[in-house]
Amino acid sequence: MTHVVTENCIRCKYTDCVDVCPVDCFKEGPNFLTIDPDECIDCAVCIPECPANAIFAEEDLPRGQEHMIEINAELARSPNFKTLTKRKESLPDADDWNGKPDKLQYLER
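Note that this is a predicted model, so its numbers are computed, not measured.

Chemist: Explain the nonpolar core to me, please; I cannot follow it from the model alone.
Modeler: Within soluble globular proteins, side chains that are nonpolar generally end up buried alongside one another. In terms of nonpolar packing, the biggest core is built from 29 residues, with Val5, Cys17, Phe26, Phe32, Leu33, Ile35 and Ile55 touching the most fellow members. Residue assignment for this core shows that the elements contributing at least two residues are strand S1 (3-5), helix H1 (16-20), strand S3 (33-35), helix H2 (67-76) and helix H3 (94-97). In terms of residue count, H2 provides more of this core than any other element does, three residues in total. Leaving out residues up to four positions away in the same chain, valine 5 has contacts with Phe26, Phe32, Leu33, Thr34, Ile35, Ala54, Ile55, Met68 and Asn72.

Here it is, written out as structure tokens:
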């Protein structure tokens, strides 16, 4: 099993989780972070660090977020998503987007 970034990260992209990751499994895209399932070691230290509560163990995904397993894996392999190893500023309007439903339509690949 691995950990999965869910839709609530879209247009927020807080990176507090990146600083605590011992294996650098986070990949950064234009408006979303993903977890590389091949790199994640299931340590779970990222979960409490996410201000958007957007990270879950695969087996604990909220109902309706199961599609994010495949999206995380796909984007982790995308050349447009690069490994991120240090915290950086979230998107300027992240707090406005945090908690908004149905954000998949805004995902930039």
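Read on for the rest.
Chemist: Is there a simple way to think about the packing of aromatic side chains in this case?
Modeler: Both the distance between ring centres and the angle between the ring planes are used here to describe each pair of aromatic rings. Within the structure shown, the criterion is met by one aromatic pair. Here the guanidinium or amino end of arginine 11 rests over the ring plane of tyrosine 106, the centre of that ring lying 5.2 Å away.

Chemist: What is the right way to read unusual backbone geometry from this model?
Modeler: Across residues other than glycine, the phi torsion is negative in most instances, and most of the peptide bonds are trans. Positioned with a positive phi, aspartate 42 is a non-glycine residue whose angle comes to about 60 degrees. Locating aspartate 42 in the fold gives a position in the loop between S3 and strand S4 (55-57). Accessibility expressed as a relative area gives 32% for aspartate 42, which makes it partly exposed. Non-glycine residue asparagine 53 carries a positive phi angle of around 50 degrees. As for its position among the elements, asparagine 53 is in the loop between S3 and S4.

Chemist: Would you mind showing me how to read the sheet that holds S3 here?
Modeler: Think of a sheet as strands paired side by side through backbone hydrogen bonds, with each pair either parallel or antiparallel. Spatial ordering of the open sheet is given by S3-S2-S5, a layout of three strands whose pairing is antiparallel. Whereas interior strands pair on both sides, the edge strands pair on one side only; in this sheet they are S3 and strand S5 (82-83). One ladder, built from two bridges, connects strand S2 (residues 26-28) with S5; its direction is antiparallel. Opposite lysine 27, over in S5, you have threonine 83 as the bridge partner. The sheet contacts of H2 involve S2 and S3, and relative to S3 the element is tilted by about 100 degrees.

Calculation rules
- Residues numbered from 1 in each chain as written.
- Predicted model: local features only at pLDDT ≥ 70, side-chain atom pairs only at ≥ 80, totals over all residues.
- Heavy atoms only, no water.
- Core = buried A, V, L, I, M, F, W, Y, C linked by side-chain atoms within 4.5 Å.
- Buried < 20%, exposed > 50% of the residue type's maximum accessible area, 1.4 Å probe, protein only.
- Helix = DSSP H or I, 4+ residues; strand = E, 2+ residues; numbered from the N terminus.
- Contact = heavy atoms within 4.5 Å.
- Phe/Tyr/Trp six-rings, centres within 6.5 Å; stacked < 30°, edge-to-face > 60°.
- Lys NZ or Arg CZ within 6 Å of the ring centre and 35° of its normal.
- Pairing = 2+ DSSP bridges.
- Axes fitted to C-alpha atoms, helices over the stretch in contact; angles between N-to-C directions.

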